[in-house]
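The primary structure of each chain is shown beneath.
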There are 4 protein chains.
Amino acid sequence: MAYKATWRVSFGEIDYAGIVYYPNFFDYFQRTEEAFMEHIGFPYPYLIGELKIGFPIVHVEADFKHPVRYGDSFDVNMSVAHLGTSSVTFGFRVFKGQQLCGTASITHVTVDMKTFKTIPIPSELRALFEKHVQLK
Amino acid sequence: MAYKATWRVSFGEIDYAGIVYYPNFFDYFQRTEEAFMEHIGFPYPYLIGELKIGFPIVHVEADFKHPVRYGDSFDVNMSVAHLGTSSVTFGFRVFKGQQLCGTASITHVTVDMKTFKTIPIPSELRALFEKHVQLK
Amino acid sequence: MAYKATWRVSFGEIDYAGIVYYPNFFDYFQRTEEAFMEHIGFPYPYLIGELKIGFPIVHVEADFKHPVRYGDSFDVNMSVAHLGTSSVTFGFRVFKGQQLCGTASITHVTVDMKTFKTIPIPSELRALFEKHVQLK
Amino acid sequence: MAYKATWRVSFGEIDYAGIVYYPNFFDYFQRTEEAFMEHIGFPYPYLIGELKIGFPIVHVEADFKHPVRYGDSFDVNMSVAHLGTSSVTFGFRVFKGQQLCGTASITHVTVDMKTFKTIPIPSELRALFEKHVQLK
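The rules behind these values
Residues numbered from 1 in each chain as written. Chains lettered and ligands numbered in written order. Predicted model: local features only at pLDDT ≥ 70, side-chain atom pairs only at ≥ 80, totals over all residues. Heavy atoms only, no water. Phe/Tyr/Trp six-rings, centres within 6.5 Å; stacked < 30°, edge-to-face > 60°. Helix = DSSP H or I, 4+ residues; strand = E, 2+ residues; numbered from the N terminus. Buried < 20%, exposed > 50% of the residue type's maximum accessible area, 1.4 Å probe, protein only. Expected span 1.5 Å × (residues − 1). Pairing = 2+ DSSP bridges. Axes fitted to C-alpha atoms, helices over the stretch in contact; angles between N-to-C directions. Contact = heavy atoms within 4.5 Å. Polar contact = N/O pair within 3.5 Å; in protein donor to acceptor, adjacent residues only side chain to side chain. Least-squares fit on C-alpha atoms with pLDDT ≥ 70 in both.

Caption draft 1: Representation of the packing of aromatic side chains within the structure. Scanning the entire structure with this criterion turns up 103 aromatic pairs over all chains. Relative to Phe90(B), the ring of Phe36(B) lies with its centre 5.9 Å away and its plane at 70°, an arrangement referred to as edge-to-face. With Phe36(B) in helix 1 (residues 23-40) and Phe90(B) in strand 5 (residues 87-96), this residue pair connects regions lying 54 residues apart in the sequence. Relative accessible area serves as the criterion here: at 0%, Phe36(B) is assigned to the buried category. Ring centres of Phe29(C) and Phe92(C) lie 4.7 Å apart, and the angle between their planes is 25°; this geometry places the pair in the stacked category. You can see Phe29(C) sitting in helix 1 (residues 23-39) and its partner Phe92(C) sitting in strand 5 (residues 87-96), a full 63 residues away along the chain.

Set out below in C-alpha cells:
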C-alpha cells in the first residue's frame with residue numbers, strides 16, 4: 001500500500017531555470033515521510049525525541065524525468081521498498097497528474113542517538129512498516 | 001567599526017521573479033553574524049554549545065531597496081547598533097558595488113538555553129561587541 | 001477578516017538551538033500569502049506569470065515572542081493591515097494554540113516585472129484586498 | 001584533477017538530530033559546482049543566462065557515512081566522473097579532515113532552455129570538463 005501526499009511548489013523553491021531546485025525534492029520527500037510516520041501512528045518526534053532513536057539517511061538515489069514548475073501541484077507516492085534489520089528503504093514516485101516526474105529511493109538506518117551505532121528497528125515500528133511494503 | 005562579508009547569489013536562492021527570495025537575506029545575515037562572531041573570537045558554537053547560552057532573535061526590521069539577482073555578488077556590512085544588558089542589535093547594510101540594496105536591524109537576546117529566560121550578555125562578549133558599536 | 005493557515009514544523013526547519021530557524025518564518029509567511037491569494041481567487045502565479053506584475057517585498061518587521069519547536073503545529077493569521085496605491089501591508093500573527101508566538105508586518109509593492117518601477121495595484125486585486133482589511 | 005571547496009555548517013542547516021539536514025548536502029554540491037564552473041572559466045550564469053542552455057539534474061546517488069555537525073568545516077572534492085555527448089556526471093567526496101563523510105554522483109544533461117530537449121555539451125565546455133575527468 002502506498003501513501004500519498006500532495007504538495008504545491010512555493011515561490012522560493014524554484015531555481016534560476018524556473019523549475020523546482022532539485023534539493024527541494026529531498027525536502028518534500030522528508031516532509032512526506034513525516035506525514036507518513038504520523039499517518040501510521042509513529043511520528044518522527046516520538047521516534048527521535050521520545051525513544052531517542054536517530055534515523056539518519058545513508059543512501060539516496062533519485063531520477064528526475066520531467067520538470068516541475070512554480071504553481072504546479074504534485075503528488076508524492078511513498079511506500080516501503082525494502083525492510084532490513086536496522087534499515088528501511090522508502091520508495092517515492094512524483095506525479096504531476098498522470099505525468100511521472102521523478103522517482104527516488106531513500107535508505108534510513110535506526111541508530112542510538114548518542115553513539116550513532118545502528119540498532120534494530122523497534123518491533124512495533126517494524127510491524128507498521130510491513131503493512132506498507134510494496135513490491136516495485 | 002563595521003565587519004564586512006561578501007556573498008554570491010546561488011542557483012537555488014532566487015524566486016520566481018528572478019531575484020533573491022527575501023527570506024534568504026535573513027540566512028545571509030545569520031551567516032554574516034556567524035562569520036563576525038568567529039572574527040571577534042567568540043564563535044556561535046562556543047556561545048551556544050559550550051556556554052549553553054541561547055541567542056534567539058526577538059525583533060527584525062528590514063528594508064529592501066534594490067533587487068539582487070542570480071550571479072550577483074554583494075557585501076553585507078555589519079555593526080553593533082545597540083547594546084543592552086541582555087540584548088544586542090546588529091545593523092546590516094547590503095551593497096552590490098556602490099548600490100545600497102537593503103538594510104536590516106536584528107535584535108538578539110541572551111537566554112539560558114534550558115529556561116529561555118534572559119540573562120546578561122557575558123562580560124567578555126560585551127567587551128567584544130563594544131569594539132564594534134557604530135553610530136548610525 | 002483574517003485568513004488562517006496551519007503549518008507544522010518540519011525536520012529540517014529548526015536550528016542548533018532546537019527552535020524554528022527564524023528565516024523559515026518568513027518562508028511560512030510567504031506560503032501563507034500564497035494560500036491567501038489562492039483563497040481570494042487571485043493566485044500568485046496569475047499575478048506574476050500572467051499579468052507580469054512583480055510583487056517584491058520592500059519592508060519587513062517581525063517580533064518573535066515565544067519559541068516554536070520541532071513537531072509543533074502553529075497557526076498563521078493573516079490580514080491586510082494597510083492598503084496603498086501601489087503597496088499593501090500584510091499583518092501576521094503566529095499562534096501555537098492560544099500562545100502568541102510572533103507577529104509580523106510585511107509590505108509589498110506592485111511593480112512592472114521588466115522595469116521594477118511601481119505600478120498601481122490592479123483594481124480587481126484591490127477590491128479583494130479591501131475585503132480582508134483588518135484594523136489592528 | 002579534483003576541485004576542492006571548503007564549507008562550514010551554518011546555524012540553520014542542521015536538523016532535529018543535530019546533524020546536517022541531508023538535503024542541504026545537495027545544496028552544498030550545487031554551490032561547489034558553481035564555484036567549479038567559475039573556476040574553470042565557464043560560469044553557470046553564462047551557461048544558463050547567456051547561452052540559454054539548461055543544465056538540469058537527471059540522476060543523483062549519494063552515500064552518507066559519517067555525520068557532520070554544527071560548527072564543523074568540511075571539504076567537498078569534486079571531479080568529472082563521466083562525460084557523455086549531452087550529459088556529465090560529477091563525483092563528490094565529502095571530508096571532515098581525513099574522515100570521509102559521504103560520496104555522491106550527480107548527472108546533468110544539457111538542454112535547450114525553451115524546449116527542455118537535450119542538446120550536445122558545447123565543445124568549449126566539453127574541453128574544460130575533460131581536464132577534470134578523474135577515474136574513480
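Caption draft 2: Summary view of helix 1 (residues 23-39) of chain A. Residues and elements named next belong to chain A. Compared with the 24 Å implied by 1.5 Å per residue over 17 residues, the 25 Å span of helix 1 between its first and last C-alpha is a close match. Taking burial as the measure, the 17 residues of helix 1 include 14 buried ones, the bulk of the element. Looking one or two places after helix 1, you find Gly 41, whose phi comes out positive at around 90°.

Caption draft 3: Main features of the sheet that holds strand 1 (residues 3-8) of chain A. An order of 1(A)-4(A)-5(A)-6(A)-3(A)-3(D)-6(D)-5(D)-4(D)-1(D) is seen for the ten strands of this open sheet, with the pairing classed as antiparallel. In this open sheet, the two strands that pair with only one neighbour each are strand 1 of chain A together with strand 1 (3-8) of chain D. Taken over all neighbouring pairs, the strand axes of this sheet differ in orientation by 20° on average, direction set aside. Lying over the sheet, helix 1 (residues 23-39) of chain D contacts strand 3 (57-64) of chain A together with strand 1, strand 3 (57-64), strand 4 (73-83), strand 5 (87-96) and strand 6 (99-109) of chain D, oriented at roughly 135° with respect to strand 1 of chain D.

Caption draft 4: Expanded view of the environment of Glu34(C). Checked against the element boundaries, Glu34(C) lands in helix 1. A relative accessible area of 11% places Glu34(C) in the buried class. Those residues within four positions of Glu34(C) in sequence are excluded, and the remaining contacts are Val9(A), Ser10(A), Phe11(A), Tyr70(A) and Tyr44(C). Only 3.1 Å separates the side chain of Glu34(C) from the side chain of Ser10(A), close enough to count as a polar contact.

Caption draft 5: A look at the relation of the copies chain C and chain A. Of the transformation placing chain C onto chain A, the axial shift is 0.0 Å and the rotation is 180°, giving an RMSD of 0.0 Å. Those values place the two copies in the arrangement expected of a two-fold rotation axis. Across chain C, the smallest distance between a C-alpha and the rotation axis is recorded for Trp7(C), namely 6.5 Å. Most of the interface of chain C is mirrored in chain A, where 100% of its interface residues are also at the interface.

Caption draft 6: Focus on the pairing of strand 5 of chain D. Residues and elements named next belong to chain D. Among the ten residues of strand 5, eight are classified as buried, and the element is accordingly described as predominantly covered. One ladder, built from eight bridges, connects strand 4 with strand 5; its direction is antiparallel. Looking at strand 5, one finds that Ser 79 is bridged to Gly 91. In textbook terms, the turn of a hairpin is the stretch between consecutive antiparallel strands, and for strand 4 and strand 5 this stretch comprises three residues. The pairing of strand 5 with strand 6 spans ten bridges and is antiparallel.

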